[in-house]
Amino acid sequence: ESGDAHQFCERLRERLVEQGVRFEHGVTVDRIAINHAGVQAVHAGQRRWSAQQVVVCAAARSAELLGAAGRHLSIRPVKGYSLSIDDAPAELLPSRPIVDEGLHAAVTPLGGEIRIAGTAEFAGWDAHIDPARINNLWHLLEQVTPSLAARVDRAAARPWCGFRPMAADGRPYIGALEPRGLYLNAGHGHLGWTQCVGSAELLAALMEGEPPPIDPQPYSALRRA
């Protein structure tokens, strides 16, 4: 199966707002106030929100944010690439995602758009788009559907790169940290959207003290990686 992660997030936001959740946009959280009793507040510049429970779910920036609070976390950014094509002929679009396990890349139809995504580059926070990586994605499209590759306007395609939050041992961190009230949900690598609903269900159960749906130990936020 496949879907549009951005559209999913937009619809989820709408549902949460209907239920009274407030979103704060355009702010950068720079500090979590912690003392011996537990979490106290979240700071963003001159703004401060008092809190008894805080979930850090900041993708690859989670390590940086928790580092400022004195917590070491083995999550690093791994740059992935995508190529989006809007003008692909509808009759040539694949009906299912096509995944190349060797290249760790996929060709996915998204409505009238086709998206080729994949590769992994260890380059820190360098957001430069490497043309060689984009050429690899074009090569994948040529391999799996040459008729489509021959018909698209390459000059109009949209290259993009982003940073996957990769945990050192390949498993996400989900659960409580120390001190009391601090929780983590990060480190899913390239499977963030794939695993997001299950991760949220597991974390919610742990925060509420309910029986978890799966064994939480392999994902413990306190484990050493």
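Everything in this summary refers to the structure shown in the same document. (Residues numbered from 1 in each chain as written. Predicted model: local features only at pLDDT ≥ 70, side-chain atom pairs only at ≥ 80, totals over all residues. Heavy atoms only, no water.)

This paragraph deals with the side chain of Lys-79. Considering the arrangement of structural elements, one finds Lys-79 in strand E5 (residues 75-85). The class for Lys-79 is buried, based on a relative accessible area of 1%. Within the local environment of Lys-79, its side chain forms a polar contact with the backbone oxygen of His-128, the two atoms lying 2.7 Å apart. If we ignore the near neighbours within four places in the chain, the residues touching Lys-79 are Thr-119, Ala-120, Glu-121, Ala-123, Asp-126, Ala-127, His-128, Cys-161, Gly-162, Phe-163 and Arg-164. (Helix = DSSP H or I, 4+ residues; strand = E, 2+ residues; numbered from the N terminus. Buried < 20%, exposed > 50% of the residue type's maximum accessible area, 1.4 Å probe, protein only. Polar contact = N/O pair within 3.5 Å; in protein donor to acceptor, adjacent residues only side chain to side chain. Contact = heavy atoms within 4.5 Å.)

Time to look at the nonpolar core. Formed by 19 residues in total, the largest nonpolar core has its most connected members in Ile-85, Ile-116, Trp-138 and Leu-141. Among the secondary structure elements, those contributing two or more residues to this core are E5, strand E7 (105-110), strand E8 (113-121), helix H3 (131-144) and helix H4 (146-151). Per-element accounting of this core gives the leading share, 5 residues, to H3. For Trp-138, the contacting residues outside a window of four places in its chain are Leu-83, Ile-85, Val-152, Arg-154 and Ala-157. (Core = buried A, V, L, I, M, F, W, Y, C linked by side-chain atoms within 4.5 Å.)

On to the sheet that holds strand E1 (residues 31-35). Reading across from one edge, E1-E2-E3 is the order of the 3 strands in this open sheet, with antiparallel pairing throughout. Strands with a single pairing partner mark the edges of an open sheet, and in this sheet they are E1 and strand E3 (47-50). Adjacent strand axes in the sheet meet at a mean angle of 25 degrees, parallel and antiparallel pairs treated alike. Direction of pairing for E1 relative to strand E2 (residues 38-44): antiparallel, over a ladder of 5 bridges. (Pairing = 2+ DSSP bridges. Axes fitted to C-alpha atoms, helices over the stretch in contact; angles between N-to-C directions.)

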